[in-house]
Amino acid sequence: MSEYSVEISPSVLEDLRAIQTHIVTKLGSPIAAEKTVQRMLDVLKGLERLPLRNRALTTLDNGRELRRAKSDNFLALYNVGNNTVYVLGIVYGKSDVERRISRLF
């Protein structure tokens, strides 16, 4: 089974920081914030193997399928090309995901 490299965009790192800040400030739980972010990072790391196992949401302008990986209440949005997984964004899974995708892309 081939391994893929995972590239995380700077905007995804900002998304993770925003999620962590939100959980700390709104919910008052730094431990939950840390665990939530760590679980998402673990999911992203897991995309090194079998990144095509997750459902495609739509096809992007470049012809690649936009896929999603779930962690808690969040979805990591990514596409795959040339043995690389490109993580493009993280959205709150209980929001209007289609509308959020249209804003991101």
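Let me begin by describing the structure that accompanies this report. Remember, it's a predicted structure, so these values are computed and weren't measured experimentally.

Things to note about the sheet that holds strand E3 (residues 65–71)
Then comes step 1: Read from one edge to the other, the open sheet built from five strands follows the order E1-E5-E4-E3-E2, with strand pairing classed as mixed. At either end of the open sheet lies a strand with only one pairing partner, and these are strand E1 (5–8) and strand E2 (56–59). The mean angle between the axes of side-by-side strands here comes to 30°, regardless of whether they run parallel or antiparallel.
Then comes step 2: When strand E4 (residues 74–81) meets strand E5 (residues 84–92), the two strands line up antiparallel, connected through eight bridges. Directly across from Leu75, in E5, lies its bridge partner Val91.
Then comes step 3: The sheet strands contacting helix H1 (residues 10–27) are E1, E4 and E5, and the helix crosses E5 at an angle near 35°.

Section: helix H2 (residues 30–46)
Then comes step 1: Compared with an ideal rise of 1.5 Å per residue, which puts 17 residues at 24 Å, H2 spans 24 Å between its outermost C-alpha atoms and is within 8% of the ideal.
Then comes step 2: Taken together, the buried positions of H2 are occupied by Ala33, Thr36, Val37, Met40 and Leu44. Here the buried residues of H2 occupy an arc of 90° about the axis, which is enough to place them on one side. The exposed set on the far side of H2, more than 90 degrees from its buried face, consists of Ile31 and Lys45.
Then comes step 3: Taken together, the buried residues of H2 touch E1, H1, E3, E4 and E5.

Looking at the nonpolar core
Then comes step 1: Counting residues in each nonpolar core, the largest one holds 18 residues, and the members touching the most others are Met40, Leu47, Tyr78, Val85, Val87 and Ile90.
Then comes step 2: Contributing elements (two or more residues each) for this core: H1, H2, E4 and E5.
Then comes step 3: Not counting residues up to four positions away in its chain, the partners in contact with Tyr78 are Leu47, Pro51, Asn54, Glu65, Leu66, Arg67, Arg68, Ala69, Val85, Tyr86, Val87 and Leu88.

Some details on the packing of aromatic side chains
Then comes step 1: Inspection of every chain in the model, using the stated rule, returns one aromatic pair.
Then comes step 2: Here Phe74 and Tyr92 contribute two aromatic rings whose centre-to-centre distance is 5.6 Å and whose plane-to-plane angle is 65°, an arrangement assigned as edge-to-face. Here the residue Phe74 occupies a position in strand E4, and Tyr92 occupies one in strand E5, the gap between them amounting to 18 residues.

With respect to the pattern of salt bridges
Then comes step 1: Considering all chains together, one arrives at four salt bridges under this definition.
Then comes step 2: In this structure, Glu48 engages Lys45 in a salt bridge whose closest nitrogen and oxygen atoms are separated by 3.0 Å.
Then comes step 3: Taking relative accessible area as the criterion, Glu48 reaches 22% and is therefore assigned partly exposed.
Then comes step 4: Here Arg67 ties to Glu65 by a salt bridge, and the two come within 2.5 Å at their closest N and O atoms.
Then comes step 5: Residue class for Arg67 comes out buried when judged on its relative accessible area of 10%.

Quick look at the packing of H1 against H2
Then comes step 1: Contact geometry of H1 with H2 gives a least axis separation of 8 Å together with a crossing angle of 155°. In terms of orientation, H1 lies roughly antiparallel with respect to H2. Viewed along their axes, H1 and H2 form a crossing whose handedness is right-handed. Listed contacts from H2 to Leu16, Ile19, Gln20, Ile23 and Val24 of H1 are Pro30, Ala32, Ala33, Glu34, Thr36, Val37, Met40 and Leu41.
Then comes step 2: The class makeup of the residues in the contact of H1 with H2 is 10 nonpolar, two polar and one charged.

Thresholds applied
- Residues numbered from 1 in each chain as written.
- Predicted model: local features only at pLDDT ≥ 70, side-chain atom pairs only at ≥ 80, totals over all residues.
- Heavy atoms only, no water.
- Pairing = 2+ DSSP bridges.
- Helix = DSSP H or I, 4+ residues; strand = E, 2+ residues; numbered from the N terminus.
- Axes fitted to C-alpha atoms, helices over the stretch in contact; angles between N-to-C directions.
- Contact = heavy atoms within 4.5 Å.
- Expected span 1.5 Å × (residues − 1).
- Buried < 20%, exposed > 50% of the residue type's maximum accessible area, 1.4 Å probe, protein only.
- Arc of directions from axis to C-beta.
- Core = buried A, V, L, I, M, F, W, Y, C linked by side-chain atoms within 4.5 Å.
- Phe/Tyr/Trp six-rings, centres within 6.5 Å; stacked < 30°, edge-to-face > 60°.
- Salt bridge = Lys/Arg side-chain N within 4 Å of Asp/Glu carboxyl O.
- Parallel < 35°, antiparallel > 145°, perpendicular 65-115°, else oblique.
- Left-handed = near helix turned anticlockwise from the far one by under 90°.
- Nonpolar A, V, L, I, M, F, W, Y, C, P; charged D, E, K, R; others polar.

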